[in-house]
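Observations on the model geometry
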Amino acid sequence: MTANVAVETTPEIPLWNDPSHPVSARVDALIGAMTLQEKIAQLYGVWVGASADGGEVAPHQHDMEEAVDLDDLLPSGLGQLTRPFGTAPVDPALGALSLLRTQTRITSANRFGIPAVAHEECLAGFAAWGATAYPVPLSWGATFDPDVIRRMAAAIGRDMRAVGVHQGLAPVLDVVRDARWGRVEETIGEDPYLVGTIGTAYVQGLESAGIVATLKHFVGYSASRAGRNLAPSSVGPRERADVLLPPFEMAIHEGGARSVMHAYTDIDGVPSAADETLLTGLLRDTWGFDGTVVADYFGIAFLKTLHGIAGDFADAAGAALKAGVDIELPTVKTFGAPLVEAVTEGRVPEDLIDRALRRVLTQKAELGLLDPDWSPVPPAFDGADLDDPDALRGTIDLDGPGNRELAREIAEKAVVLLSNDGTLPLARPRRIALVGPNATEPSAVLGCYSFPQHVGVKYPDIPVGIELPDLRESLTAEFPDAEITVVRGTGVDDGDLSGIAEAVDTARDADIVVVALGDRAGLFGRGTSGEGCDAESLALPGAQQQLLDALLDSGTPVVTVLLAGRPYALGRGAEESAAIVQSFFPGVAGTRAIAGVLSGRTNPSGRLPVSVPRTSGSQPTTYLGARLAQASEVSNIDPTPAFGFGHGLTYTTFAWSDLTVDAEEAPTDGEFTASLTVRNTGDRPGTEVVQLYLHDPVASVVQPVQRLVGYTRVDLKAGEERRVRVTVPADVASFTGRDGRRIVEPGALELRLSASSTDPRLTAAVTLTGEAREVDHTRRFRAEFSVE
């Protein structure tokens, strides 16, 4: 077999295979020719694993699944292949060959020659063995740089497309509401505007490579009670509309996302998978979304087993279809025999099957999967000899120099310098004590959806597949003349105190202490961060606080470095550390990025996408609080953060001045334009992040004290100044009123140009005039910046 082999066609091309006809006509003709079983077969996936020797995929078994017989299923067709690369470690070229051969089998087995859509996880890079592990989404948020995230997503998409993948299950657009939730690392932050702008950029990048981006989790998953995974969510209609939904609106309206994944959660007793007002009324009828809605893994079955709103799997399937779910993932459970039987018995209308099928086939047609010249040979095999699998091994590189350079750029932009008493950058220290559980752990830079942590841990005898220098290696390279002594001190979460005394002795003999603390990513309790790894409090896991406190008492300056998946309260360390460097699972280039910040090779420019708490028990809280959410004399709990949303220091200083506003009044359908000068007053180049917050002092419903409505990065040489201009549409002041309509109200506003949510620099008082105006999902979402 060679790469130029095309699928054979007959002289008479069926209408559904003829690209000269409109997609809608092709899809209608195909639906009309299908049996019920063939229709339903397009509405589910099968979880498979690619063969390590390039043979056909094998069904993957999971404790939520029954065995799948492909010989029995494939004659009716197949909608999706679940994670052929992301199930077991397989050489990428042999995985691509395995997928190719499987697609050939699928198309040969069904009457219409329809291939399956192959989907993969891509939350922090293509989740395949040997693929680049980029920083996690929380680090994307810390960059405050949509452009670099767009470029990263395009690179991820190109790698996926090159090996035959069609759909990526990302980005996560959940807004952090409680940092104890284990999946905080998978989110972009605690502000809907930041999540929306960064998430939309990711969607644009992935879609530009031809990969279907899947928005998740729709909606409310992150608002679970007590931060527990898959717990009920207590969300009012305005919180849902004004905090949780805007990132999805933006990613659909501006990003062109073609798929949405329902959330596991229920809101006020209605599970998302069975919420017709959400998945059809809002998503499709109101927002005009015309892509596919896919189930979160096993989410339809959960309508019976966890939510208790369905008596059997057929009822669950019917409820999900009626709500607007089109595809069951990861494998066939409710949309198979139970659904066939339910339709045959009249319990589920066949019209619902046809509705979902039309969306699925439309997307397949748009992907070219119904075209007569479709070939199972992916782009990476162009010109390759496919008859010799051994010769293919190692020929596909998913971790090339371009990827590594992007990973480096993002990691460096995402490092946040929280505090610094002047100790950093380090001036050629002679003796460094490197202490802590993450000092020599290569995987400390990886999130739970990276391939090594998500899948690779099940295969300890197989190499990790990518270069992961630990912090010791990176510091040794950064400070070649220094004597670096490494002491573990304690584990991430083992509570072991036996090594603390040795750590203190080592610290006393050093010029500087670098203590590497934080998390271990895992799944369902096997880590301190990740899916199902929720925290009882935001105290550092295990005995890490005891280790930090003991080092602070050593008399040697302590630089606290965090490699974590969520923000943690640092106790005394917040005030007494000589410096604090925060990173959120920064990926393959993460430790080098941290070392570069410590040495001063890199001037830090990251900003916090989530607040860092002052105390471990003041949760849940975010900066998006109304007046009643602030510190007061009537409660003994102070939610004021140690470091607020948007905070981050650099090694230079900036002066902001000369704020002007073109007009202090504008109608409720108008806009304001403000300008300011930002000057680098230090002696080295640096990046300032200008953030615009809106304060609405009087509104018809309670509003947050402030909320982010715009931001931009400003790169300045030493002594350089630039004029920053921002156009602020009245639409960004909109909120959901008492009657459920989104409105722009007349009245006074403050535009706060700030270095963070806790550091306003310049404020403009403006007024909206005229009548209250209703807006919808087509409103202007952004305050637009330009730097002159």
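About the criteria used
- Residues numbered from 1 in each chain as written.
- Predicted model: local features only at pLDDT ≥ 70, side-chain atom pairs only at ≥ 80, totals over all residues.
- Heavy atoms only, no water.
- Helix = DSSP H or I, 4+ residues; strand = E, 2+ residues; numbered from the N terminus.
- Contact = heavy atoms within 4.5 Å.
- Areas by Shrake-Rupley, 256 points an atom, 1.4 Å probe, with all protein chains shown as cover.
- Lys, Arg positive; Asp, Glu negative; His and termini not counted.
- Charge placed at Lys NZ, Arg CZ, Asp CG, Glu CD.
- Pairing = 2+ DSSP bridges.
- Axes fitted to C-alpha atoms, helices over the stretch in contact; angles between N-to-C directions.
- pLDDT = per-residue confidence, 0-100.
- Core = buried A, V, L, I, M, F, W, Y, C linked by side-chain atoms within 4.5 Å.
- Buried < 20%, exposed > 50% of the residue type's maximum accessible area, 1.4 Å probe, protein only.
- Disulfide = S-S within 2.5 Å.
- Parallel < 35°, antiparallel > 145°, perpendicular 65-115°, else oblique.
- Left-handed = near helix turned anticlockwise from the far one by under 90°.
- Nonpolar A, V, L, I, M, F, W, Y, C, P; charged D, E, K, R; others polar.
- Salt bridge = Lys/Arg side-chain N within 4 Å of Asp/Glu carboxyl O.

The next point concerns the overall build of the chain. In terms of helices and strands, the chain carries 22 helices and 28 strands. By principal-axis analysis of the C-alpha atoms, the chain measures approximately 80 × 65 × 50 Å. Expressed as a percentage of contacts within the chain between residues at least 6 apart in sequence, the contacts between residues at least 24 apart total 79%. A total of about 27600 Å² of accessible surface is found on the chain, and carbon and sulfur atoms cover 48% of it. Computed over 65 positive and 107 negative side-chain charges, the inter-centroid distance for the chain is 3 Å.

To continue, consider the sheet that holds strand β28 (residues 784–787). Taken in spatial order, the four strands line up as β17-β19-β22-β28 in an open sheet, and their pairing is antiparallel. The sheet is open, and its two borders are formed by β17 (654–661) and β28, each paired with just one other strand. The average undirected angle you get between the axes of adjacent strands in this sheet is 20°. Strand direction decides the pairing type here: β17 and strand β19 (residues 671–680), joined by six bridges, are antiparallel. By the bridge assignment for β19, Ser657 is matched with Thr677.

The next thing to look at is the confidence of the model for the chain. For residues with low pLDDT, the predicted coordinates do not support detailed interpretation. Counting all residues, the mean pLDDT for the chain is 96, and 99% of those residues have values of 70 or more. Note on residues 1–10: pLDDT under 50 across the span, and 21 contacts to partners over four residues away in sequence or across chains.

Before going further, it helps to spend a moment on the nonpolar core. Most often, soluble globular proteins keep nonpolar side chains buried together rather than apart. If you look at the biggest cluster of nonpolar residues, it comprises 223 residues, and the most contacted ones within it are Phe126, Tyr202, Phe218, Phe381 and Leu598. Discounting chain neighbours no more than four positions away, the residues touching Leu598 are Leu424, Pro425, Leu426, Leu475, Phe479, Val514, Val559, Val581 and Tyr651. Judged by nonpolar contacts, the second largest core, of 31 residues, contains Phe672, Val709, Ala730 and Val766.

This part covers the state of the cysteines. This structure, assessed with the given rule, holds zero disulfides. Free cysteine: Cys533, not disulfide-bonded; nearest cysteine sulfur from Cys448 at 7.1 Å.

What follows deals with the packing of helix α7 (residues 192–208) against helix α9 (residues 246–253). Two elements in contact, α7 and α9, have axes whose closest approach is 8 Å; the angle formed by their N-to-C orientations is 30°. If you check the angle between α7 and α9, you find them roughly parallel. Here α7 runs over α9; the crossing is right-handed. Residues Pro192, Tyr193, Val195, Gly196, Thr197, Thr200 and Val203 of α7 form the contact with α9, whose own contacting residues are Pro247, Met250 and Ala251. Residues belonging to the contact of α7 with α9 are distributed by class as follows: seven nonpolar, three polar and no charged.

Moving on to the pattern of salt bridges. As a working rule, side chains carrying opposite charge can pair if their charged atoms are close by. Applying the stated criterion across every chain yields a total of 52 salt bridges. A salt bridge links Glu207 to Arg258, with the shortest nitrogen-to-oxygen separation between them at 2.7 Å. Taken together, the residues span a long stretch of sequence, with Glu207 in helix α7 and Arg258 in the loop between α9 and β7 (259–262) at a distance of 51 residues. Each member of the pair, Glu207 together with Arg258, is buried. Between Asp494 and Arg488 there is a salt bridge whose closest N-O contact spans 2.8 Å. A relative accessible area of 43% means that Asp494 is categorised as partly exposed. Residue classification places Arg488 among the partly exposed positions, given a relative accessible area of 45%.

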